[in-house]
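If you want the building blocks of each chain, they are given just below.
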Amino acid sequence: MRKTVYYIQGDGIGPEVWNAARPVLEKALEQAYKGKHELEWIELLAGEKAYAETGDYLPQSTLDSLDKASLAIKGPLATPVSGGFRSLNVTLRQTLDLYACIRPVRYFQGIESPLKRPDLVDMVVFRENTEDVYAGIEWAANTSEARRLISFLRDELKVSVSESAAIGLKPVTEKGCKRLVRKAVQYAVDQGRPSVTLVHKGNIMKFTEGAFRTWGYELARDEFSGLTITEDEAGSGKKGLVINDRIADAMFQEVLMRPEQYSVIATTNLNGDYLSDALAAQVGGLGLAPGVNMSDSLAFFEPTHGTAPTIAGKDMANPGSLILSGAMLLEHAGWGKAAGLIYEAVEKVIKSKKVTVDLATQIKGSTRVGCREFGELVGMSL
Ligand code: NAI
């Protein structure tokens, strides 16, 4: 079978990590399926390359192609200093309604971690990507907009807010919560994962974070009945996918102290932002953290790091995050065997202690290799 993958090389270290990663993905597919499955790569322009060629950072033709695509992968994109929008990434997420940000967090043998048992960490974070205080609906202190809102709150809703306050809004909808939790539960069912934990701050923000919890349980009960069970039912011996919930602050303790008890996490935007970076740190940092942003039609894979401008063009970047994002793409395409080969190969290279500079500083006795060589070593270990 042949599947089309649209790709954007990205800015800064984007082209070099892309050049190191793409041959690994192709070789893994070939090794796993001996030519039975193939990728057709189609490049799309975005970022500085697009600007140089078309005068536009995000050409409409790129958005049109992505609108019809089901698989895409991108390198990091710099936020242009001018251009009329906040960030290319935010624009892509909003325009394409990429509402679920999914980040698997697992440990690779050989990486230094602050945990005693990092090998117990194997979680997948589903973070809502479009709502919450993170949506950026806010006004600076002492602006006419903030003052008007404060007057409205005082006069109409009888809520007292300091005249000099900056104001931000936290929209959270039933549709937004349910579609995110649906993706998380479906993933857990498909992958045979033991639990989905709804992470929220509903004890304080009852009608937003608390509603996320309520809607999450409702969704699991209504759409996955027969498959899911509560924590109480699990305690009395019933079998099934456990849906439980944890308050966000307690969850940060839980993932440190009892990581083996958590598998799939579904959470609101800001909680998810903090939690996925904290979890990545537990297994050795962002250098090897892959990710995907998904809508109902498109899975758009990307490394979690940025363009690393200070090391761009120096063959120093770690292509691991993009290689692992590519492995996620293969898994999503139904080619899990090829993805498995990549995970094993990355682990083998890390164990051999031949790593890029970011990991070399963390691993005692390691030998530093360049971006290209790291990719080649992974390819040779497949
Ligand atoms: P960054 O992730 O580019 O860099 C943070 C630090 O990590 C730097 O010290 C960098 O050298 C290092 N680093 C990052 N990736 C690395 C890799 N693969 N190998 C080795 N070292 C690596 O974050 P920063 O500096 O905040 O952002 C730089 C630019 O990237 C900005 O324009 C930002 O908007 C953009 N960005 C884009 C993202 C995306 O496209 N998804 C995500 C984050 C930032």
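Not measured: the values here are computed from a predicted model. (Residues numbered from 1 in each chain as written. Predicted model: local features only at pLDDT ≥ 70, side-chain atom pairs only at ≥ 80, totals over all residues. Heavy atoms only, no water.)

(A) Main features of the site of the ligand. Taken together, the neighbourhood of the ligand is formed by 17 residues, with Leu77, Thr79, Gly306, Ala308 and Asn318 sitting nearest. Leu77 has a polar backbone atom sitting 2.8 Å from an oxygen atom of the ligand. A distance of 2.7 Å is found between an oxygen atom of the ligand and a backbone nitrogen or oxygen belonging to Ala308. (Near = heavy atom within 4 Å. Polar contact = N/O pair within 3.5 Å; in protein donor to acceptor, adjacent residues only side chain to side chain.)

(B) Quick peek at the pattern of salt bridges. One pass over the structure, following the stated rule, counts 26 salt bridges. We note a salt bridge from Arg22 to Glu26, for which the minimum N-O separation is 3.3 Å. You can see Arg22 and its partner Glu26 sitting in helix α1 (residues 14-33), four residues apart, about one turn around the helix. Taking the shortest distance from any N to any O, the salt bridge between Glu302 and Lys74 comes out at 2.6 Å. With Glu302 in strand β13 (residues 299-303) and Lys74 in strand β3 (residues 71-74), this pair connects stretches of sequence that are 228 residues apart. Each member of the pair, Glu302 together with Lys74, is buried. Through salt bridges with shared partners, a single network forms among Lys74, Arg93 and Glu302. (Salt bridge = Lys/Arg side-chain N within 4 Å of Asp/Glu carboxyl O. Helix = DSSP H or I, 4+ residues; strand = E, 2+ residues; numbered from the N terminus. Buried < 20%, exposed > 50% of the residue type's maximum accessible area, 1.4 Å probe, protein only.)

Bear in mind that shape data such as this cannot, by itself, settle questions of function.
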